[in-house]
Every structure is written in structure tokens, then in C-alpha cells.
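Spelled out from the first residue to the last, the chains are:
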Amino acid sequence: MSGHGSSNGRVVPAAFPPPVDSRKEFVKRGLDAEDELIEVGVVIVGGGTAGLACANRLLQLLADDPETMERLGEVPVAVVEKAKTCGGHNLSGAVMRPGPLEELFPEMSREDWRKEGFAFGEVKKESVYILPNSKTKLRIPPPPPQHNRGNEVMSVSALARYQQRQAEDAGAYILTETSATQLIVEDGRVVGVRSGDKGRGKDGEPLGNFEPGTDIKAHATVLAEGCWGHITGAAIQEFDLAKGREPQVWELGVKEVWKVAKPLDRVIHTLAGWPLKISAKYGQIGGSWIYPMKDEKTGDDLVSIGFIIDLDYADATTSAHDLLQEIKLHPLFKGVLEGGERVAWGAKALPAGGYWAMPKLSMPGAVLVGDAAGIMNLASLKGVHYAIKSGMLAAESIYAALKRGESSFEDYEQIVEDSFIGKDMYEQRNTRQPFQKGLIRGGPLVNLMIATKGRFPGGRWSLHRNDAKPMFIGNSKDSYPKPDGKYTFDKLSSVFITGNATRDDAPNHIRVRKHVPREVAETWRWMCPAGVYEIPEDAPEHGEVDVIVNYTNCVQCGAITAKGGRLTTPEGGDGPLYQIT
Ligand SMILES: Cc1cc2nc3c(=O)[nH]c(=O)nc-3n(C[C@H](O)[C@H](O)[C@H](O)COP(=O)(O)OP(=O)(O)OC[C@H]3O[C@@H](n4cnc5c(N)ncnc54)[C@H](O)[C@@H]3O)c2cc1C
Ligand code: SF4
């Protein structure tokens, strides 16, 4: 491989795959003895918006059907969530299309959402800009996918907390601080998941407070793990769910919430342009947002500001965190933040492959929902309403099957395909792919795809994996601002305000090769928003280096999995504790 001994050559991270064998390590063959396991009706892995919408809807259906409820046993619905509370690991923009949430909780008005503290106002005005440079802006008419009037500004972290309360009140058993670490398969069928051990030391040794994990047996398993699913990945391999589909690709977003002196009156997006290097050589495609948030409880004016980068870039020194710091200094944003104060920070990846990259959505005994299913509309940056709707559709399909006394959830995929989710995803089926040619050549094709709803140029356009992109060490890093502690911040002080509570002696949950070409090491170092990867100061300038992995800083954004490593589940309760992201 050209990577060995390379001197800023073009090195492909995929040539240095992480030491992981998903099927062997993360699929457990058979359940433990009956007296050693927990038995539930439906187990949902992931207490994010999608998983909790599934729990909320299932419990609504079961409340009207005591017979089926009883058949599901003492615990009809269980949700396994690795964060300290639901919402702790959830982050989004977020401007949400309101329909599915209105359908899930029909008795609530949008005023009620705001009083509950997870919604922050209806979008009344919107502007889209291209930034030619660090000083000027060019306003353009919002492209159709960016039409946001009537949508609601939200926090998915706060929404998940609300959904958790609703689910618990309706009888769900929510196991927070619990990672699901293995998919349990018996006779070719998913029969539940295993929760992770707690209280292991750095080298995996049991400590004084050690508690072993438990098998959770279920009639149905819902995988709602979000953008990079640990168990979802194992399920995709075990049941060949990605056969005949395009590979999934990802983007990474870094976000801050600021308390501001004056309210912002509109949602603003910027596309391409400064500070990105848009030539095909650098391959940087991305954009930013700033959304107004009125906190009804405190009366505070807040904004959500963030930057998203497509993980198909080639310059190893691309950093979404630093690009966000840089963009805040543009007058368009600085004017809004002036006199304000940063109150939250976080980072998360999102699936960007669209329709052709969605895996098969069901397997014997289990289904996929939300981002875990790759259900995300990249052109409009919308996934929250799909997460809610797919969770609801999964609940309805599982409930109907269990009521009939059946155990196949095969029809769920077709139900999703026939819903507005399938229609929207199909219309956007080729929107992401032209960007692989770079913004200048691909951009006009993307516009054509959007304008013709995917009809022209039609067919199925292929995707290539993010970790197959050859990397070089460029100069994007040269323009990143030095942190001033007022507008711009470094990665470590940002991680600090997430409330990250990973024990210093926790086992390492990040799998990467430690000995890699500098191009790969630099890619990880700059990409990771939490500053997890370090290159020793005395490492050789060229050739291979030994990467230091400060895994206790990890905010579980998932990006490493796209660029040559693997995020696995940490011990339950570790990681950030987002409140308003
Ligand atoms: C930066 C950014 C901006 C976005 N902006 C918008 C926007 O403006 N509008 C919009 O509509 N959409 C937006 N999206 C997309 C939207 O946020 C997602 O589509 C949606 O939140 C996905 O919800 P989910 O429940 O599927 O996944 P998640 O919210 O990721 O939830 C998954 C949950 O599963 C848990 N989990 C995962 N694995 C395990 C395990 N093995 N064991 C236990 N727990 C586990 C996680 O801790 C997490 O709580 C944005 C996304 C990002 C990243
Ligand atoms: S180490 Fe954690 S925070 Fe850093 S890129 Fe990987 S998953 Fe994201």
C-alpha cells in the first residue's frame, strides 16, 4: 500500500481498518438460561427521538388493548439508552417539520411544546447566503429544500427527555446508563440484545463495583441507535442488509447554543463558499446555520449555530469544530453573537447517503428506525420528523404482528416505502452523489436533481465510501482562528461544557490502528471535535506514527467510523450530558 512510508502521499484510511470483527464480537449466539435473563415484550435500543417515538406509539396502542399488553408480560416495552438520561447524547440543528410530532401527541399544541421546553418558536423568516470571503455575503433565494417557514426550532435533547417522561408514565421500562453491546441471534432470528458490563478497568479487568451485563429477551427488537449504530452495524453484516445497496456515507456537524443580547428574527443558512476550499482537490462541501430560539421558561433569547462538513473531504486538516470557530467571526454571525455567551457545545455525525444507501429495514425479529435506518433528507437537512414517523410506523407494524400472534415484521419496510418518507427519500435519491465530483462540477447537477425531483439525470448514482477517499495534508488548518475564549474556543474547553463524565480508568471504546501513516493520523486528529487523537511531538514528520487515543474525551459523535476507525459502545453513563442541543 502506498501509505507505508508515504511523504504526504495520497493515503486511503480504509487501507488501515480498525481491529474489529463485528459478527464475531457483537453478535451473541443464543440466550442465557431463563433464570439469568430479563424478559420484555419489545426492546428498543436507543432512547433518541426515533426509539422513544416507537415506545410512545406502542404504549398508546397497547393502552387500548389490554389483552395484547398482557401477552407481552410484565415489561411490555423497554428502552435501552447509553446516556445518563434520554437526550444526553442527542444533538441536531434543529428546524423540524412539525407533522409527525403533532400526530404522535395530538392533544398537544405547539404552544404546549414550547412550555415543555423542547420547542423554541415557529420559523417566520428565512435567508440563505453564500459567503464569498470572511467579510462579505451574497443573499440567494432559498432553494426549495431550504424552505422552512412554518417549521419549528427544536432541541432533540430536550424532546427526548420529554418523550422519556411520557413513555415512563405510560409504563415503559427505560434503562438509562446502559449500553446494548451485543445482538442476540438464535436460530437465524434476533431474540434480543445483551447489555454491557459495568465497572471494568482500563484493561478490561473487573473492578470492585463490577456488574456483568444481562441478556434482554424480546418478542421484537427495534434498533434506533442513530447515525452510527454499533449493533445496527453487526445486524447489517449478520443479515446481509446492505446487499445490493450503495455504501452509507456521513457528514459531521458541530453546534453551539448561545444566549444572545438581541433576538434573531430568522433562520439563516449558508451554503458552500468561505471558509471551505471547494476545489475538487480539497473536496470540502458543507455549510452553516443559525437559528433563533426563544426559551419560554426563562424568557432568554438563544441561538443555535452550527457547521456541517461532508466527510468525503481530502484535506486531512479539515476540522468541523475549527470551521465553526472561524465562521463565527464573519460579520453575518458575529453581529448576532455580540454581547452574548456560549451555553452549550456538541458534535454528531449524520447519515448522508440517502435512498440508495438505506439498508433493508427488517430482519427476522427486528427492525431499523430513524438515522440507524439511514432515513435522513440531506438536501433539506431534515431527519427529526422522519425519525418520529419511522418509530411510529415500526410500532404500528410490530403491534399488528404481535396482536395477530405473528413474529414477522417484514411488512415494515414496504410501509416506510409507501409513506411520505419513502416518497421524499426517492425524490432526493441522487442528490448527494454529484458532490463526489466536487462542488464546481457537481453543484449544477445537484440543482438539476432537486428541480426535477430526481428524474434527471435519472438512474441510480453510486456512492463511494468516505474512508476510501485518498487523504493529503493540506493547509486548511492555517486559517483556523486561535481561541480567544469570547467568540472562539478550543476543543477541550468545549468538551468540558458538555458535562462529559467518562471515568479516567474506563476501558477504551475507540478501535483504531495505533500505527498509521501520518496522513491518516492527521485526518483523525483534525476531524475529531473532541480532541481524542494526538500525535506525539517527537513523531517523524513523514511515514508512520503512533497515535495516542484520549478516549475519555470522546463525545460519541460517530465520525471516526466514517474515516477508518470504529466507535463501539462505551460503558453506560459515559460521554456527554447534552441538555439543549
Ligand atoms: C448537526 C446536525 C444537524 C441536524 N439538523 C437537523 C435539522 O435542522 N432538522 C432535522 O429535522 N434534522 C436535523 N438533523 C438530523 C436529525 O437530528 C436526526 O435525523 C435525528 O435526530 C435522528 O434521531 P434518531 O433517534 O434516529 O437518532 P439519535 O438522535 O442519534 O438517537 C440514537 C440514540 O441511541 C443511543 N444509542 C446508540 N447506540 C446505543 C447502544 N448500543 N446502546 C444504548 N443506546 C444506544 C444514543 O445514545 C442516542 O440517544 C441534524 C443532525 C445533525 C447531526
Ligand atoms: S473519538 Fe469520539 S468524538 Fe472523536 S471522532 Fe471519534 S466518535 Fe467522534
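Structure shown above.
Since the model is a prediction, treat every value here as computed from it, not as a measurement.

**A word on the site of ligand 1**
As a structural note, the neighbourhood of ligand 1 is formed by 37 residues, with Glu81, Ser92, Val95, Lys348 and Asp371 the closest of them. A distance of 3.4 Å separates an oxygen atom of ligand 1 from a polar atom in the side chain of His89. Top element by residues in the shell around ligand 1 is strand 19 (residues 341-351). It accounts for three residues. Considered class by class, the residues forming the shell around ligand 1 number 17 nonpolar, 14 polar and six charged.

**Regarding the site of ligand 2**
Near ligand 2 the following residues occur: Ile510, Cys528, Ala530, Val532, Tyr533, Cys554, Val555, Gln556, Cys557, Gly558 and Ile560. Within the shell around ligand 2, the residues separate by chemical class into nine nonpolar, two polar and no charged.

**Description of the nonpolar core**
Counting 68 residues, the largest nonpolar core has Ile44, Leu183 and Met363 as its most contacted members. Those residues within four positions of Ile44 in sequence are excluded, and the remaining contacts are Gly51, Cys54, Ala55, Val77, Ala78, Val79, Val80, Val222 and Ala224. Among the nonpolar cores identified, the runner-up in size contains 66 residues, and Trp258, Val260, Tyr533 and Ala539 belong to it.

**Quick look at the packing of helix 2 (residues 49-63) against helix 10 (residues 384-403)**
The N-to-C vectors of helix 2 and helix 10 enclose an angle of 40 degrees; their axes lie 7 Å apart at closest approach. Regarding the angle of helix 2 to helix 10, the classification is oblique. The interaxial crossing formed by helix 2 with helix 10 has right-handed handedness. Residue-level inspection shows Thr49, Ala50, Ala53, Cys54, Arg57, Leu58, Leu61 and Leu62 of helix 2 in contact with helix 10, the latter providing Val384, Ala387, Ile388, Gly391, Met392, Ala394, Ala395, Glu396 and Tyr399. Residue composition of the contact of helix 2 with helix 10, grouped by class: 13 nonpolar, two polar and two charged.

**A look at the sheet that holds strand 19**
One open sheet accounts for seven strands, arranged 7-6-16-17-18-15-19; its pairing is mixed. Looking along the sheet, the strands with just one partner apiece sit at the ends: strand 7 (138-140) and strand 19. Taken over all neighbouring pairs, the strand axes of this sheet differ in orientation by 20 degrees on average, direction set aside. The strands touched by helix 8 (residues 320-327) within the sheet are strand 15 (250-259), strand 16 (267-271), strand 17 (286-294), strand 18 (301-310) and strand 19, with strand 18 carrying the most contacts at an inclination of about 130 degrees.

**Here's the deal with the packing of helix 10 against helix 11 (residues 411-418)**
One can describe the packing of helix 10 onto helix 11 by two numbers: an axis separation of 10 Å at closest approach and a directional angle of 140 degrees. Considering their axes alone, helix 10 and helix 11 lie oblique with respect to each other. Pair helix 10 / helix 11 crosses with right-handed handedness. Contact residues: Ser390, Leu393, Ala394 and Ser397 in helix 10; Asp411, Tyr412, Ile415 and Val416 in helix 11. Class assignment for the residues of the contact of helix 10 with helix 11 results in five nonpolar, two polar and one charged.

Parameters at a glance
Residues numbered from 1 in each chain as written. Chains lettered and ligands numbered in written order. Predicted model: local features only at pLDDT ≥ 70, side-chain atom pairs only at ≥ 80, totals over all residues. Heavy atoms only, no water. Near = heavy atom within 4 Å. Polar contact = N/O pair within 3.5 Å; in protein donor to acceptor, adjacent residues only side chain to side chain. Helix = DSSP H or I, 4+ residues; strand = E, 2+ residues; numbered from the N terminus. Nonpolar A, V, L, I, M, F, W, Y, C, P; charged D, E, K, R; others polar. Core = buried A, V, L, I, M, F, W, Y, C linked by side-chain atoms within 4.5 Å. Buried < 20%, exposed > 50% of the residue type's maximum accessible area, 1.4 Å probe, protein only. Contact = heavy atoms within 4.5 Å. Axes fitted to C-alpha atoms, helices over the stretch in contact; angles between N-to-C directions. Parallel < 35°, antiparallel > 145°, perpendicular 65-115°, else oblique. Left-handed = near helix turned anticlockwise from the far one by under 90°. Pairing = 2+ DSSP bridges.

Shape descriptors only; they carry no functional weight alone.
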